[in-house]
Protein chains: 2
Amino acid sequence: MNGNALDRLVILFSKLPGVGKKSAGRIAYHILDSNPSFAATLANELFGLHKAIRKCGVCGGYTEADPCSVCCDPKRDTSIICVIESAQDIRIIEEGKEFSGVYHVLGGLIAPLDGVSPANLSIDKLINRLRDKNVKELILALNPTVEGDTTALYLQKTLKDYPVIISRLASGMPVGGNIEYIDKLTLSRSFRGRVRI
Amino acid sequence: MNGNALDRLVILFSKLPGVGKKSAGRIAYHILDSNPSFAATLANELFGLHKAIRKCGVCGGYTEADPCSVCCDPKRDTSIICVIESAQDIRIIEEGKEFSGVYHVLGGLIAPLDGVSPANLSIDKLINRLRDKNVKELILALNPTVEGDTTALYLQKTLKDYPVIISRLASGMPVGGNIEYIDKLTLSRSFRGRVRI
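Just so it is clear, the model here is predicted, and its values are computed rather than measured.

Caption draft 1: Examining the overall build of chain A more closely. Counting its secondary structure elements, chain A contains 8 helices and 6 strands. Ordered by position from the N terminus, the helices and strands of chain A form the series α-α-α-β-β-α-β-α-β-α-β-α-β-α. Taking 16 Å as the expected radius of gyration for a compact globule of 197 residues, we find that chain A reaches 21 Å, considerably beyond that expectation. Each principal axis of the C-alpha atoms in chain A carries an extent, and together these give about 65 × 45 × 35 Å. Considering only contacts within chain A whose residues lie at least 6 apart along the sequence, 48% involve residues at least 24 apart. Total accessible area computed for chain A in this model is approximately 11500 Å², and 54% of it derives from carbon and sulfur atoms. In chain A, 25 side chains carry a positive charge and 21 a negative one; their mean positions are 2 Å apart.

Structure (C-alpha cells):
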C-alpha cells in the first residue's frame, strides 16, 4: 500500500487551494477508479493550459485571445472600469450578470507586511487607461478587508486629479444574513452605509 | 473572459469528489497563477498513474508491485483479514496504525437498488483465501450503513461453515461527540454495544 505514484499524486493534489490531505486522497483514488481516459484528458488540459491562456493586454484578465472577449465586446460600456484584485474575480462578477462595463486587474492588494507595495500592482496601466480613454467611473470591487481598504484609499488619493467618479462596492449584511450573527464591523458598516427607502 | 482551455479545466476539476464549481474555479486559477512546472508535474503524474498502479492480486489494494507491500510484509499477521469496501480504506486504516493483519478489498457493498449484487463483489476470492490459508479472524470494517449492514449479514451467512471468527468494527458515539447531537440510531447502537468498565 505504498503505491509511490499514488502518494506523489496525493501530495500534488493536497497543494491545491481548499484541498486537504483527506480530500486529496479521495480525489486520487477517484481518478484511479475512473476510466483512464479521464486522467489522460485532465493531464492534457494541464499540459496545454499555460500555452493556451495568456493575460489580456488591456485588462489583465486571463484569456485565449488578446485582447479578451470582454475588452473586445462592442456592447460593453468602456466608460466604467471595475477594478479588481485578481483575474478570477472577473469570472465571479460575470456570473452575477450585474455589470456591463470593463475590468482592470490589479494583480493583488497593497499589503506591506507581505511585501506588496503599490509598485507591484498594475496601477500605472490603470492610469494610462484613464488618460487614453473616456472613462467616467471606476468601481473598486476590492474585498472589504484591511488590504482592500488600504488599496482603495491609495487609489482614491492617487487618482484624485482625474475627472473620474470613484466608487466602491457596498459593504454590509449579506442577503439572507441574520443580525444576531453578524460581526460588529459589518454591522457598523451597515449602519454607516444605510440607504433611504 | 471565455478562456476555453480554462473553462474545460474547471469542468474537469468540478467532476472530482468534494470539488464544487467554485472550488474548481479556484483550483484552476491557482494552477494558472502558479509556476507552469506545477501543472506539468501534475499532468505527468496523471498520465503515468494507471500504468504505474495496479491492483494487488492477493488483497485487491492499489499497489505498484504485485503483491502489495502489506501482503508481502512478513511482519503482518496473515491470520487476521480486514474486509473493506474499497482500496482507499487501506490507506485510512494504515494511518491509524491500529491494525497489523492483512486486507481484503470487496470492491463495493451489496446494494440491490444500485444493481450491486454479491456476484459483483470479490467474495469468491475471499473464500479462496479462507480455504488456502490459516485465517483465524475476519474483521468486517464496513460502513455502518444499510449497505454495510446488508453486506456484513450476507458474509456472516455465506461464511458460517468456515472455522473463522467474524467480527465487525464497533459502532457508536465518535470520540469527542456529544450525546445531545447524536442521531437516534447511533445512540441506540451505543446502548446495545455498551461495554463493562
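Caption draft 2: Spatial organisation of the packing of aromatic side chains. Under the defined criterion, the tally for this structure stands at 5 aromatic pairs over all chains. For the ring pair A:Tyr62 and B:Tyr29, a centre distance of 5.9 Å and an interplane angle of 45 degrees mean the geometry is tilted. You can see A:Tyr62 sitting in strand E2 (residues 62-63) and its partner B:Tyr29 sitting in helix H2 (residues 21-33), one on each of two chains. The exposure classification of A:Tyr62 matches that of B:Tyr29, with both residues buried.

Caption draft 3: Molecular detail of H2(B). Taking 1.5 Å per residue as the helical rise, H2(B) with its 13 residues ought to reach 18 Å, and the 18 Å between its terminal C-alpha atoms agrees with that figure. Considered for burial, the residues of H2(B) that qualify are B:Ala24, B:Gly25, B:Ile27, B:Ala28, B:Tyr29, B:Ile31 and B:Leu32. On its buried face, H2(B) is in contact with helix H3 (36-52), E2 and helix H5 (88-96) of chain A together with helix H1 (4-13) and helix H3 (36-52) of chain B.

Caption draft 4: Looking closely at the relation of the copies chain B and chain A. Rotating chain B by 180 degrees about the axis while translating it 0.0 Å along that axis superimposes it on chain A, leaving an RMSD of 0.1 Å. One copy is carried onto the other by what is essentially a two-fold rotation axis. Using C-alpha coordinates, one finds that chain B approaches the rotation axis most closely at B:Ala43, a distance of 2.0 Å. Most of the interface of chain B is mirrored in chain A, where 100% of its interface residues are also at the interface.

Caption draft 5: The arrangement of the layout of surface pockets in detail. As a volume, the largest pocket reaches approximately 770 Å³. Lining the largest pocket are 26 residues, and of these B:Pro144, B:Leu169, B:Ala170, B:Ser171 and B:Gly172 sit closest to its centre. Of all the secondary-structure elements, those providing two or more residues to the lining of the largest pocket are strand E3 (77-84), helix H5 (88-96) and helix H8 (184-192) of chain B. For the lining of the largest pocket, the class distribution of residues is 13 nonpolar, 6 polar and 7 charged. Reported here for the second largest pocket is a volume of approximately 510 Å³. Counting residues per element, the ones that place at least two in the lining of the second largest pocket are strand E3 (77-84), H5 and strand E5 (137-141) of chain A. Of the residues in the lining of the second largest pocket, the class split is 12 nonpolar, 2 polar and 5 charged.

Caption draft 6: Local environment of the confidence of the model for chain A. Here chain A averages 90 in pLDDT, while 98% of its residues score no lower than 70. Here helix H8 (residues 184-192) of chain A is the element of chain A with the lowest mean pLDDT, 84, and strand E4 (residues 101-105) of chain A is the one with the highest, 95.

Caption draft 7: Highlighting the pairing of E5(A). All names here are of chain A. Of all 5 residues making up E5, 4 are buried, and the element is well covered by its neighbours. Two elements, E3 and E5, share 5 bridges in a ladder whose sense is parallel. Across the sheet, Val83 pairs through a bridge with Leu140, a residue of E5. As judged from the 4 bridges shared by E5 and strand E6 (residues 165-168), these two strands associate in the parallel manner. Bridge pairing in E6 places Leu138 opposite Ile166. For the segment spanning E5, helix H7 (residues 146-158) and E6, crossover handedness is right-handed.

Caption draft 8: Representation of the pattern of salt bridges in the model. Residues and elements named next belong to chain A. In this structure the tally under the stated criterion is 12 salt bridges over all chains. With its nearest N and O atoms 2.8 Å apart, the salt bridge here joins Arg168 to Asp149. In this pair, Arg168 is assigned in strand E6 and Asp149 in helix H7, connecting sequence segments 19 residues apart. The network of salt bridges with shared partners includes Asp149, Arg168 and Arg189.

Caption draft 9: Molecular detail of the packing of H3(A) against H1(B). At a minimum axis distance of 9 Å, the contact between H3(A) and H1(B) shows a crossing angle of 150 degrees. By the angle between their axes, H3(A) is roughly antiparallel relative to H1(B). Here H3(A) runs over H1(B); the crossing is left-handed. Here A:Phe38, A:Thr41, A:Leu42, A:Glu45, A:Leu46, A:Leu49 and A:Ala52 of H3(A) come into contact with H1(B), specifically with B:Ala5, B:Leu6, B:Arg8, B:Leu9, B:Leu12 and B:Phe13. Of the residues in the contact of H3(A) with H1(B), the class split is 10 nonpolar, 1 polar and 2 charged.

Caption draft 10: The interface of chain B and chain A, seen in detail. Across the contact, 52 residues belong to chain B and 52 residues belong to chain A. Roughly 5300 Å² is buried in total at the junction of chain B and chain A, and carbon and sulfur atoms are behind 70% of that figure. Our enumeration of links across chain B and chain A arrives at 6 salt bridges. Between A:Lys21 and B:Glu95 there is a salt bridge whose closest N-O contact spans 4.0 Å. At the boundary of chain B with chain A, the tally comes to 15 residue pairs in polar contact (both at pLDDT 80 or more). Among the elements of the structure, H1, H2, H3, helix H4 (69-72) and H5 of chain B are those that each provide at least two residues to the side of chain B that touches chain A. Along the lines of polarity and charge, the residues of the side of chain B that touches chain A split into 30 nonpolar, 12 polar and 10 charged.

The rules behind each value
Residues numbered from 1 in each chain as written. Chains lettered and ligands numbered in written order. Predicted model: local features only at pLDDT ≥ 70, side-chain atom pairs only at ≥ 80, totals over all residues. Heavy atoms only, no water. Helix = DSSP H or I, 4+ residues; strand = E, 2+ residues; numbered from the N terminus. Rg over C-alpha atoms; globule rule 2.2 N^0.38 Å. Contact = heavy atoms within 4.5 Å. Areas by Shrake-Rupley, 256 points an atom, 1.4 Å probe, with all protein chains shown as cover. Lys, Arg positive; Asp, Glu negative; His and termini not counted. Charge placed at Lys NZ, Arg CZ, Asp CG, Glu CD. Phe/Tyr/Trp six-rings, centres within 6.5 Å; stacked < 30°, edge-to-face > 60°. Buried < 20%, exposed > 50% of the residue type's maximum accessible area, 1.4 Å probe, protein only. Expected span 1.5 Å × (residues − 1). Least-squares fit on C-alpha atoms with pLDDT ≥ 70 in both. 1 Å grid on protein atoms, 1.4 Å probe; cavity = no way out; pocket = protein on both sides within 12 Å on 5 of 7 lines; lining within 4 Å. Points joined across faces, edges and corners; volume = space filled by probe spheres on them. Nonpolar A, V, L, I, M, F, W, Y, C, P; charged D, E, K, R; others polar. pLDDT = per-residue confidence, 0-100. Pairing = 2+ DSSP bridges. Right-handed = clockwise from strand over helix to strand, strands pointing away. Salt bridge = Lys/Arg side-chain N within 4 Å of Asp/Glu carboxyl O. Axes fitted to C-alpha atoms, helices over the stretch in contact; angles between N-to-C directions. Parallel < 35°, antiparallel > 145°, perpendicular 65-115°, else oblique. Left-handed = near helix turned anticlockwise from the far one by under 90°. Buried area = accessible area lost by both parts, 1.4 Å probe. Polar contact = N/O pair within 3.5 Å; in protein donor to acceptor, adjacent residues only side chain to side chain.

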